[in-house]
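Breakdown of the fold
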Amino acid sequence: MGLLSKLFGKADNNKELLEKIMNGALLVDVRTPAEFGQGHVKGSVNIPLNQILSQKSKFNSTDCIIVFCQSGNRSSQAKALLEANGFRNIINGGSWQNINLLLNK
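Here the structure is a predicted model, which is why all the values come from computation and not from measurement.

Observations regarding the environment of I66
Relative to the assigned elements, I66 resides in strand β3 (residues 65-69). Note: C-alpha distance between I66 and L27 (39 residues apart in sequence) is 5.1 Å. Residues within four places of I66 in sequence aside, it is in contact with L17, K20, I21, A25, L26, L27, V28, I91, G93 and I99.

Okay, here's the thing in structure tokens:
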């Protein structure tokens, strides 16, 4: 894996990421509502980074959470926030375009 993937905590590879998605991972887009409105992954929920902790109850019954944004930076922050609040099995999916490509191959 490249340095950026390791820094941002992205899944080891797209095959693993796709497997998690197919097994029912919650897809969370942490971009702003305006960004989300301009394009998003079908089936994802929009919880902006600045609202992650106030909406953390939405994650309680989820086995795996995949967070993503425009570039992987905000999703890295979301991953760290959730993990600091006791959540496990959080994956930084990087960009929403990466997730979208995986689902539309």
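That covers the picture; the talk isn't over yet.
A few points about the environment of K56
Tracing the sequence through the fold places K56 in the loop between β2 (45-46) and β3. K56 gets classed as partly exposed once you look at its relative accessible area, which sits at 33%. It is 8.9 Å that separates the C-alpha atoms of K56 and N85, two residues lying 29 residues apart in sequence. Residues contacting K56, with those up to four places away along its chain left out, are N85 and F87. Of the polar contacts made by the side chain of K56, one reaches the side chain of N85; its length is 3.5 Å.

A few points about the pattern of salt bridges
Counted under the stated rule, the structure contains three salt bridges. As a salt-bridge pair, D29 and R31 come within 2.8 Å of each other at their nearest N and O atoms. Its salt-bridge partner being E35, residue R74 comes within 2.8 Å of it at the nearest N-O pair. Taken together, the residues span a long stretch of sequence, with R74 in helix α4 (residues 73-84) and E35 in helix α3 (residues 33-37) at a distance of 39 residues. Using a relative accessible area of 23% as the deciding quantity, one classes R74 as partly exposed.

Criteria and thresholds
Residues numbered from 1 in each chain as written. Predicted model: local features only at pLDDT ≥ 70, side-chain atom pairs only at ≥ 80, totals over all residues. Heavy atoms only, no water. Helix = DSSP H or I, 4+ residues; strand = E, 2+ residues; numbered from the N terminus. Contact = heavy atoms within 4.5 Å. Buried < 20%, exposed > 50% of the residue type's maximum accessible area, 1.4 Å probe, protein only. Polar contact = N/O pair within 3.5 Å; in protein donor to acceptor, adjacent residues only side chain to side chain. Salt bridge = Lys/Arg side-chain N within 4 Å of Asp/Glu carboxyl O.

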